[in-house]
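Letter by letter, the chains look like this.
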Amino acid sequence: MSDSDCLFCRIVAGDIPSTQVLNNDHVLAFRDIAPQAPVHIVVIPKAHFANIVELGAGDATQAGELMAAISTIATQEDLADGFRVVFNTGSDGGQTVEHVHAHVLAGRSLTWPPG
Ligand code: AMP
Ligand code: ZN
């Protein structure tokens, strides 16, 4: 998939606007357009990987940077009461955008198991 075909690559490029939460050399985080919780942030590597399997197998530095960004966001957004990190993957996982992303969900008590 080329960058121009990928929604999140287009957000990284600035072609599609987003409400940024974090932006560094490796990672962009922005508010989800359809939030499922009072805090719902999408965290992505700027480089394109289709899903967490490709990211995990492909680039340990990028994977580590993604985790570090989630840690920074937890502090920045004051998520001391807790939060959930979700990587929807593939059709059974409910992934709709094929550029790996972590959902950071917080601001309410989250139920388990998920649907
Ligand atoms: P997933 O279904 O796990 O692939 O997650 C994709 C997420 O991207 C969904 O939660 C969407 O609401 C979100 N999303 C789609 N388009 C945008 C956008 N332009 N800005 C912010 N979030 C978006
Ligand atoms: Zn992409």
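The structure this text deals with has already been given above.
Residues numbered from 1 in each chain as written. Chains lettered and ligands numbered in written order. Predicted model: local features only at pLDDT ≥ 70, side-chain atom pairs only at ≥ 80, totals over all residues. Heavy atoms only, no water.

Student: Please provide a residue-by-residue account of the overall build of the chain, values included.
Tutor: Counting secondary structure elements, the chain contains three helices and five strands. Listing every helix and strand of the chain by position from the N terminus yields α-β-β-β-α-α-β-β. Taken against the 2.2 N^0.38 rule, which gives 13 Å for 115 residues, the C-alpha radius of gyration of the chain at 14 Å falls within 12% of a compact globule. Reported as C-alpha extents along the three principal axes, the dimensions of the chain are approximately 40 × 30 × 25 Å. Here the chain holds 115 residues, and the buried ones make up 36% of them. A sequence separation of at least 24 residues applies to 50% of the contacts in the chain between residues at least 6 apart. Only carbon and sulfur atoms are counted for the fraction: they give 50% of the accessible area of the chain, which is about 6600 Å². Between the averaged position of the 5 positive side-chain charges in the chain and that of its 13 negative side-chain charges there is a distance of 8 Å. (Helix = DSSP H or I, 4+ residues; strand = E, 2+ residues; numbered from the N terminus. Rg over C-alpha atoms; globule rule 2.2 N^0.38 Å. Buried < 20%, exposed > 50% of the residue type's maximum accessible area, 1.4 Å probe, protein only. Contact = heavy atoms within 4.5 Å. Areas by Shrake-Rupley, 256 points an atom, 1.4 Å probe, with all protein chains shown as cover. Lys, Arg positive; Asp, Glu negative; His and termini not counted. Charge placed at Lys NZ, Arg CZ, Asp CG, Glu CD.)

Student: Before we move on, could you go through the sheet that holds strand 1 (residues 20–23) and cite the residues and values that matter?
Tutor: Read from one edge of the open sheet, five strands run 1-2-3-5-4, paired in antiparallel fashion. Looking along the sheet, the strands with just one partner apiece sit at the ends: strand 1 and strand 4 (83–86). Averaged over neighbouring strand pairs, the angle between their axes works out to 15 degrees when direction is ignored. As paired elements, strand 4 and strand 5 (residues 102–106) share four bridges and run antiparallel to each other. (Pairing = 2+ DSSP bridges. Axes fitted to C-alpha atoms, helices over the stretch in contact; angles between N-to-C directions.)

Student: Can you tell me about the side chain of glutamine 62, naming the residues and giving the values?
Tutor: With respect to the helices, strands and loops of the structure, glutamine 62 is situated in helix 3 (residues 60–76). Judged by its relative accessible area of 13%, glutamine 62 falls in the buried class. Excluding anything up to four places from it in sequence, glutamine 62 contacts His26, Pro45, Ala47, Phe49 and Leu55.

Student: How would you summarise the site of ligand 1 if you had to cite specific residues and measurements?
Tutor: In the neighbourhood of ligand 1, 15 residues make up the surrounding shell, with Asp32, Asn88, Thr96, His101 and His103 lying closest. At 2.5 Å, a side-chain N or O of aspartate 32 approaches an oxygen atom of ligand 1. At 3.1 Å, a backbone N or O of isoleucine 33 approaches a nitrogen atom of ligand 1. Within the complex, the protein chains bury 83% of what would otherwise be the 510 Å² of accessible surface of ligand 1. Elements represented by at least two residues in the shell around ligand 1 include exactly helix 1 (7–13) and strand 2 (27–31). Taken together, the residues of the shell around ligand 1 break down into seven nonpolar, six polar and two charged. (Near = heavy atom within 4 Å. Polar contact = N/O pair within 3.5 Å; in protein donor to acceptor, adjacent residues only side chain to side chain. Nonpolar A, V, L, I, M, F, W, Y, C, P; charged D, E, K, R; others polar.)

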